[in-house]
Amino acid sequence: MSGSGYLLEVEDLSVSFGSRDGTVLANDGVSLRLRAGETLGIVGESGSGKSVLCRAILGLAKGKVTARRIAFDGRNIDEMSPAERQKLRGSGIAMVFQSPMSSIDPVWTIGDQLVETVRLHKPISRRQARIEAAALLDRVGIAASVRRLDDYAHQWSGGMLQRAVIALALAGNPRLILADEPTTALDVTIQDQILALLMSLQRETGMAMIIVSHDLSVIAETVDRVAVMYAGRIVEVADVRDLFQAPQHPYTAGLFASIVGGAGQDRMLTPIPGQPPDLQNLPPGCAFAPRCPRVRQDCLRSVPRIDATAALGNACLFPLGEPLVEERQS
Amino acid sequence: MKPEAVLTPELHPGALMRIGQEVGSWSFTLKLGLLLLSAIVFMAVFAPWVAPFDPELQDFDVILVPPNLTHLFGTDNLGRDIFSRVIYGARLDLSAGFIMTYVPMVYGVLIGAYAGYRGGWVDAVVGSITNMAIAFPFLVMIIVVVAVIGPGINAIYISVFLLAWTMYARLSRAEMMVERAKDYMLAAKVLGYPTRIIVLRHGLPNTIGSSVVFSTSDFILNILLLSGLSFIGLGIQPPTPEWGAMIADGKEFILQAWWICTMPGFAVVLTGTALSLIGDGLARRLGTRQGSAG
Amino acid sequence: MLVVRYVIARVLHTLPVLLGVTLFTFLAIQFVPGDPIRIMTRGHVSDAEVAAIYDRLGMNRPLAVQYGSFIAKAATGDLGESIIQHAPVAELVGEKVAPTLWLLGIGTFFSILLALPLALLSAAWPDSLFDHTVRTASMVGFAMPPFWIGLLLILGFGLQLGWVPISGYGDDVLGHVTHLILPGLTIAFFLAPILIQSLRASLLDALDADHIEVARARGVPEWRIYFKHALRNALLPTLTVLSVNISWLVSGAVVVESVFALPGLGSLLIRSVGYRDYPLIQGLALIFALIVVAVNLTADLCYGIVDRRVLRVAA
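Heads up: these notes are all about the structure in this document. As the structure is a prediction and not an experimental result, all values here were calculated from the model.

## Structural notes on unusual backbone geometry
Phi is positive for Asp12 of chain A, close to 60°, though the residue is something other than glycine. For Asp12 of chain A, the location among the structural elements is in strand β1 (residues 6-19). Even without a glycine there, the phi angle at Leu64 of chain B is positive, about 50°. As for its position among the elements, Leu64 of chain B is in the loop between α4 (47-50) and α5 (82-118). For Leu64 of chain B, a relative accessible area of 25% translates into the label partly exposed.

What follows is the structure, given as structure tokens:
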């Protein structure tokens, strides 16, 4: 057990991909912390680096990963050997992926893969593991679980498959679950069911959870704290209610203004002007500056970083909570 | 850009530069393969000048001579220079292989593209014919035809022209079925273009990739087919130099004069490797998965 | 049950091929210039006897009837009678079918033995020196004429080193196997490159799949990901490629039989051409098609075992 009391600590994580045309900085100095049992949401558009972040934590990122520290339960993941890291996956940290239809090996039965995962983390017999596998399917809401163990992925619907994926994630009794866009590929009606399932499992087991989504409504219903990502950086971290009621970073505010229901019922949607950031050529200073309505000269030169040890904060020189000098004078 | 330049296409510096850029982007594999093949084709085309001896000239003073400076590949039991015979053999194997590959490809691709685009009963018929033909043991079919009309290249041509198109039809059909759902194809249809134009001008260039790549493998297989048939005596008849027939000729002298069998085989391997390299290079360039074997 | 329906569907699919081959052969023989019976008997018989033979064989009936009768008889195992050898075709074929089947079996076995480890290692370290060597060797091997390889193997291992017999078939099972080592290797040189290229490509494809990443996230060790998940998924496209190339395998076997003087169906076919023994040729064509079809069927069935999704699309 660690002394600091945090289950997950990420300090200054950067992930870059090299290609013929240049280097893409997918994550730039990301820091966050999570206590046991806490739930954190990560919000951002596609390309913001949120999926890469999850994979980097698990050690599955395909690019070059550098960090001052990535620690789980006090132990540094980045200093572990590949074998130790592999042991950690599934039992310490588990992940739920985006597309359930392709997350399960089509040529083996669902039961087989559940049994495989269970036995990876517990030295029990196949028969025992099968019983546990059936119990897992029960927990995620799949009826007739024993018979279902011998089904193949192509026989199930998207919603059922995502439940199976969640069951696979639970198989090792993890203390942290990373859910990367767990509902994006599902029908709207199923989305609620899956989210409800995740929440009830989280309450039941007390495990920590990070939910990544581009959909603010998903985040609103499920987590305690939210981190907003833009261009590979975290630009704001706040309690979920504070974030929705009083966003501090202009980008967060822009997000709310551009979505249905975010700006209030009768107002017109205001998209964020400008182009998404080019991750190969990030401007010095704040990455959002080219599109920010509150931009000032200083923004182009430097940008504040959210302290790694802080639970909340924002990366803006002129956050919304503090009125700009000019406004006060007018 | 003068309007005349558009109406009367001429080779101006811009075009040359683009050709240069295109060639520059080719992989090493592709360039090596093309180089090798060009060398072989060159020797075949200019055989009368490249070959040091008359391939059918018999000289009993120099029978069964091992490779030396005069006779690079040695001589056979009738004193004929193997090197010259191999070069002349290239003429036959390459030209026959080319015809066997690319003639069926032309109508095979067309039939497949049309069937793939139209769908319906046309597609069903073409589909069943191609599935049937692909399972035919090809050499057996050729032998049957040989039994009917006698040995020689004609039997091979007849069988090939009857059956070989099916593989291309299958490839082209598969690609067309994917392509026809794409927006630009649907747009052409909505705009009222006749089917002929849609398939030929728009669909075909985009669906021909896997057929082109496959043709290099097919070329190799056809050369092997021709030489194999000649080897068992049912193909090209002596004294015409052909690689397979030459290998058969050398069979009885394999212990005393191993070069008679071996040299023509090397020629086949070299040609085949060149074609494979081209096939792989093309596959990479065209972005298709299907390379040749190896 | 789904499996039964799938099997029946696959078997039904083989019928058009068999019919196609027999039709092709039948029609081809109609085109023999001149009088086939006279050609076969080489003028050793009088006109009256020729006419009698025509009658006996029913060759004066309309083509469709002749063809139909051939099919009907073939279905019961009667492939007609060889004029030259005065024996039922089925009997002649039966004597020679074993060496060919042995050759195909041993050839395929050697091919898989060679291809599987090479493809696995190549895909595990793509673009390494080993990978490039394997791919280049494959490419070159594919271009080698099987009969040429056969002769070289005979020269090298048979004559110079004297390790293995170089022709004939042997008398007992052990004899068969030793006699078929070189012929089997010859076939492997030709088939293995195709298998290697296909398996390697499909392994690389399989490793890219989403569920592989999910397996890693579950904590499955790399070796098991490779052998259990990636390999099984990669077998499917390779099986398809193998199916498509079966006819080439059979064609290659015919030539190899000639090189090594194996008393199989290939040699029988070549000889029957020389004698213009048309009934025998017709029967042999059907048998060869049957072999190709049987191997394809086996591959289809294996496919159904490895990947259950296929059973659904049985129609």
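There is more to say, and it comes next.
## Structural notes on the interface of chain C and chain B
Taken together, the contacts link 51 residues of chain C with 52 residues of chain B. Buried surface at the junction of chain C and chain B, summed over both partners, amounts to about 4,500 Å²; 82% is from carbon and sulfur atoms. The largest contributions to the chain C side of the interface with chain B come from Phe24, Met139 and Trp148 of chain C, which together make up 16% of the buried area. Between chain C and chain B we count zero salt bridges in total. Our enumeration of links across chain C and chain B arrives at four residue pairs in polar contact (both at pLDDT 80 or more). For the side of chain C that touches chain B, the secondary-structure elements that each account for two or more residues are α1 (2-30), α6 (129-143), α7 (146-160), α9 (181-207), α11 (222-259), α12 (265-275) and α13 (278-306) of chain C.

## Comments concerning empty space enclosed by the protein
Across all of its chains, the model carries six cavities of 30 Å³ or more by this definition. A volume near 130 Å³ is recorded for the largest cavity. Around the largest cavity sit 13 residues that line it, and Leu224 and Leu225 of chain B together with Pro146, Gly252 and Val255 of chain C are the ones nearest its centre. Looking at the lining of the largest cavity, the elements with two or more residues in it are α12 (209-231) of chain B together with α7 and α11 of chain C. The dominant element in the lining of the largest cavity, judged by the number of residues it contributes, is α12 of chain B, at five residues.

Rules and cut-offs
- Residues numbered from 1 in each chain as written.
- Chains lettered and ligands numbered in written order.
- Predicted model: local features only at pLDDT ≥ 70, side-chain atom pairs only at ≥ 80, totals over all residues.
- Heavy atoms only, no water.
- Helix = DSSP H or I, 4+ residues; strand = E, 2+ residues; numbered from the N terminus.
- Buried < 20%, exposed > 50% of the residue type's maximum accessible area, 1.4 Å probe, protein only.
- Contact = heavy atoms within 4.5 Å.
- Buried area = accessible area lost by both parts, 1.4 Å probe.
- Salt bridge = Lys/Arg side-chain N within 4 Å of Asp/Glu carboxyl O.
- Polar contact = N/O pair within 3.5 Å; in protein donor to acceptor, adjacent residues only side chain to side chain.
- 1 Å grid on protein atoms, 1.4 Å probe; cavity = no way out; pocket = protein on both sides within 12 Å on 5 of 7 lines; lining within 4 Å.
- Points joined across faces, edges and corners; volume = space filled by probe spheres on them.

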